[in-house]
Amino acid sequence: MPKEEQMSEVKFSKEHEWIKLDGNIAIVGITQHATEMLGDIVFVELPDVGSSVEKDGNAGVVESTKAASDIYTPVSGEVIENNQSIVDDPSKVNSDPESEAWFFKLKIKDSSEMDSLMNREEYEKFSKESNS
Amino acid sequence: METKKTSLFNLHQKYGAKFVEFAGYQMPIQYKDGIIQEHKFTRSNSGIFDVSHMGQLFIFGDDNLIEDLENIFPIDLKKLNLNQSKYSFLMNKEGGIYDDLIITKIQKGYLIILNAACKNQDYKIIEEKLEKKYVMNLDESLSLIAIQGPDAKNVLEKIIPNSNKLRFMNGNKFYFKETEIYITRSGYTGEDGFEISIKNEKVEKFVELLIENGSKLIGLGARDTLRLEAGLCLYGNDIDQKTSPIEANLKWAISKSRIEDSYPGSSIIKNQIEKGVKKLRVGIKPKTRVIARGDTKIFNEESKEIGKITSGTFGPSVDCSIAMGYVDNIYSSLNTKIFLEIRGKKIPASICNLPFYKKNYAKGGTNV
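Everything numeric in this text was worked out from a predicted model, so none of it was measured.

## Overview of the overall build of chain B
So, step 1. When helices and strands are counted, chain B shows 8 helices and 20 strands.
So, step 2. Whereas a compact globule of 368 residues would reach a radius of gyration of roughly 21 Å, chain B reaches 21 Å, a difference of no more than 12%.
So, step 3. By its C-alpha atoms, chain B is 65 × 50 × 45 Å across when sized along the principal axes.
So, step 4. Looking at the 368 residues of chain B, the share that counts as buried comes to 45%.
So, step 5. Here the analysis covers contacts within chain B between residues at least 6 apart in sequence; of these, 66% occur between residues at least 24 apart.

Have a look at this one:
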């Protein structure tokens, strides 16, 4: 479990991405719940470093043995880093989705875009409901 | 139409199956371990597959039945010995494939294993062609189980003594708790293995014994990655009513002695064998890990569209993206550079040999 102060910073989208804000830099990945729904992940495509992404816009693809799914960014910004280690070994996304297997880092434009996102408790409730 | 359940439904649930609807049946796509682990376990140990949704068609008759069936299937049935199995096709008059199937000579007739989605239509087509002269039974009282992998022979031998004496593509009657069962040495994974036809009321106990002896239930997800690594066709994806066995690169399944004979589509097949085909099924390897799924368009180096992917996935045992599809015949030679259009990007790929994974079929009958 993440520490108490880190927990408060992590937010979640309805598309099952998590986002952690540190100053104006955000780290984005997909949730444990998302990986359980997807199954074994075998391919990851990430947005290019230097590209701009718009809130709720397309920011990559994950493919499981079953299907391809788009990744969306919960907030707008400029991609400053992407995680090549999950491109080389996509199975990392299944084993550690909410820490080591982050997807990309953003320099965000507008931190108020975080306001509409869910906290962990809200997300857990949401994912349970959307599962049933 | 209500979805059907196989006799193993409760056992699937017990082992944590996720279900999907497939050909009108609730079938397990995967269990708790997931597709990749299930795939690898089958290749290293053994896996059990519930394929009870497939059709088990029995046709009984005299010597005339051989003649009449040869007018339907492009194989030399006179040379098919008792308990021997052959891969064949039910074809339309254009040489397209209604279904691919395994036909086995049994006492007083034949057992034909049909694809689940095709079995009812197949029955009607065959019944009509045989003019209702013979006893036909698409037997719903029987389940069908496959056990596949290097340990399959040892696991099955513990429960059914002497099953390991079967040669590849041969079958026989055996007994399980005083009930007759029919086992063939065959499969759909590229591994040595068996298919067991067994009464519905006995199948759960039988599978539990296989599990107790070290095998594991494997879902349809891994069945698909295993068969694709083995270069085997999935009906509805890689072959259908618009593809002929020759275009599908399955010429080996048409008996040489039958090429001059008459069967549905025979003149088209003969012409394709003599003059060649416009499109051909080939193996395809993308240069990256991206998955090239069915309907992905294939282009040549000059950006001309030359074909389409019919199946694509990640191959857990070969650790790369694998696919097959049809290309214009002039682009079908080994190592030809092609491009796949995936999400708007052109991904380099090349034509490669099938299978992706080398087969491990049993050679002899007594290789203990």
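## Points about the domain arrangement of chain B
All names here are of chain B.
So, step 1. With domains assigned, chain B is organised as domain 1 (4-53 + 141-229), domain 2 (56-138) and domain 3 (251-352).
So, step 2. On a C-alpha basis, the centroid separation for the pair domain 2 and domain 3 is 28 Å.
So, step 3. With 13 residues of domain 2 at the interface, the matching set in domain 3 holds 11 residues.
So, step 4. Taken together, the residues of the side of domain 2 that touches domain 3 break down into 6 nonpolar, 4 polar and 3 charged.

## Remarks on unusual backbone geometry
All names here are of chain B.
So, step 1. Along the chain, L354 connects to P355 via a cis peptide bond; the corresponding omega equals 0°.
So, step 2. Its location among the elements puts P355 in the segment after β20 (345-352).
So, step 3. In the Ramachandran plot, K132 falls in the positive-phi region, its phi being about 55° despite a non-glycine side chain.
So, step 4. Checked against the element boundaries, K132 lands in the loop between α4 (119-129) and β9 (135-138).

## What to know about the pairing of strand β2 (residues 17-22) of chain A
Residues and elements named next belong to chain A.
So, step 1. Relative to β2, strand β1 (residues 10-12) is paired through 3 bridges, and the arrangement is antiparallel. The partner of V10 across the bridge, within β2, is K20.
So, step 2. Once β1 ends, the chain turns through 4 residues before running back antiparallel as β2, passing H16 with a positive phi of about 70°.
So, step 3. Of the pairings in the sheet, the one linking β2 to strand β3 (residues 25-30) comprises 6 bridges and is antiparallel in character. If you follow E17 over to β3, its bridge partner there is I30.
So, step 4. Count of turn residues in the β2/β3 antiparallel hairpin: 2 residues, of which G23 carries a positive phi of about 65°.

## Considerations on the interface of chain B and chain A
So, step 1. Between chain B and chain A, the contact holds 12 residues from the first and 9 residues from the second.
So, step 2. Taken together, the residues of the side of chain B that touches chain A sort by class into 5 nonpolar, 5 polar and 2 charged.

## What to know about the nonpolar core
So, step 1. Core analysis: the largest hydrophobic core is formed by 116 residues, its most contacted members being I145 and I147 of chain B.
So, step 2. In this structure, I147 of chain B is in contact with S46, I48, A152, V155, L156, G193, F194, L210 and S215 of chain B, ignoring residues within four places of it in sequence.

## Brief notes about the sheet that holds strand β3 (residues 25-30) of chain B
Residue and element names in this part refer to chain B.
So, step 1. On the basis of which strands lie adjacent, the open sheet formed by 3 strands has the order β1-β3-β2 and mixed pairing. Looking at strand neighbours, the two that pair on one side only are β1 (4-5) and β2 (18-22), the edges of this open sheet.
So, step 2. Of the pairings in the sheet, the one linking β1 to β3 comprises 2 bridges and is parallel in character. Looking at β3, one finds that K4 is bridged to Y25.

## Digging into the environment of F103 of chain A
Residues and elements named next belong to chain A.
So, step 1. In this structure, F103 sits in the loop between α4 (91-95) and β9 (104-108).
So, step 2. Each C-alpha atom, one on F103 and one on I27, is 7.5 Å from the other, the two residues being 76 residues apart in sequence.
So, step 3. If near-sequence neighbours (up to four positions away) are discounted, F103 is found in contact with V28, G29, I30, L46, G60, I71, N82 and N83.

## A short note on the environment of E98 of chain A
So, step 1. Within the secondary structure layout, E98 of chain A lies in the loop between α4 and β9.
So, step 2. Between the C-alpha atoms of E98 of chain A and G29 of chain A, which are 69 residues apart in sequence, the distance is 6.6 Å.

## Description of the sheet that holds β20 of chain B
All names here are of chain B.
So, step 1. Taken together, 6 strands build a closed barrel; the order of strands is β15-β18-β17-β16-β19-β20 and the barrel is antiparallel. Averaged over neighbouring strand pairs, the angle between their axes works out to 40° when direction is ignored.
So, step 2. Here strand β15 (residues 279-286) runs beside β20; their pairing, made up of 4 bridges, is antiparallel. From the neighbouring strand, P286 faces β20, where its bridge partner is A349.
So, step 3. Each of β17 (305-315) and β18 (320-328) touches helix α7 (residues 220-229); the most contacted strand, β17, lies at about 120° to it.

## Quick notes on α7 of chain B
All names here are of chain B.
So, step 1. Within α7, 9 of the 10 residues are buried, leaving the element largely enclosed by the surrounding structure.
So, step 2. G221, A222, R223, D224, T225, L226, R227, L228 and E229 are the residues of α7 that are buried.
So, step 3. On its buried face, α7 is in contact with β3, α2 (35-44), β4 (47-50), β17 and β18.
So, step 4. The first or second residue beyond α7 is G231, which carries a positive phi of 75°.

## Some points on the pairing of β18 of chain B
Looking along a regular strand, one sees side chains alternate from face to face of the sheet.
Residue and element names in this part refer to chain B.
So, step 1. Of all 9 residues in β18, 7 are buried, a share of seventy percent or more.
So, step 2. Here 6 bridges tie β15 to β18, and the two strands are oriented antiparallel to one another. Paired with V282 across the bridge in β18 is G325.
So, step 3. Across 8 bridges, β17 lies against β18 in antiparallel orientation. From the neighbouring strand, K308 faces β18, where its bridge partner is Y326.
So, step 4. If you look at the hairpin formed by β17 and β18, you'll find 4 residues sitting between the two strands, and D319 has a positive phi there, around 55°.

## Brief notes about the confidence of the model for chain B
So, step 1. In this model, chain B carries a mean pLDDT of 96, and residues with pLDDT of at least 70 account for 97%.
So, step 2. Here the prediction assigns the complex a pTM of 0.93, and the interface score ipTM is 0.83.

## Considering the packing of α2 of chain B against α7 of chain B
Residues and elements named next belong to chain B.
So, step 1. For the pair α2 and α7, the least separation of the axes is 8 Å and the interaxial angle reads 55°. The angle between the axes of α2 and α7 places the two elements in the oblique class. Crossing angle aside, the handedness with which α2 passes α7 is right-handed. Side by side, α2 and α7 meet where I35, E38, H39 and T42 of the first sit next to G221, A222, T225 and L226 of the second.
So, step 2. Among the residues forming the contact of α2 with α7, the class breakdown is 3 nonpolar, 4 polar and 1 charged.

Reading guide: rules and limits
- Residues numbered from 1 in each chain as written.
- Chains lettered and ligands numbered in written order.
- Predicted model: local features only at pLDDT ≥ 70, side-chain atom pairs only at ≥ 80, totals over all residues.
- Helix = DSSP H or I, 4+ residues; strand = E, 2+ residues; numbered from the N terminus.
- Rg over C-alpha atoms; globule rule 2.2 N^0.38 Å.
- Buried ≥ 20, exposed ≤ 12 C-beta atoms within 10 Å, placed from the backbone.
- Contact = placed C-beta atoms within 7 Å.
- Domains from an automatic or database assignment.
- Nonpolar A, V, L, I, M, F, W, Y, C, P; charged D, E, K, R; others polar.
- Pairing = 2+ DSSP bridges.
- Core = buried A, V, L, I, M, F, W, Y, C linked by C-beta atoms within 7 Å.
- Axes fitted to C-alpha atoms, helices over the stretch in contact; angles between N-to-C directions.
- pLDDT = per-residue confidence, 0-100.
- Parallel < 35°, antiparallel > 145°, perpendicular 65-115°, else oblique.
- Left-handed = near helix turned anticlockwise from the far one by under 90°.

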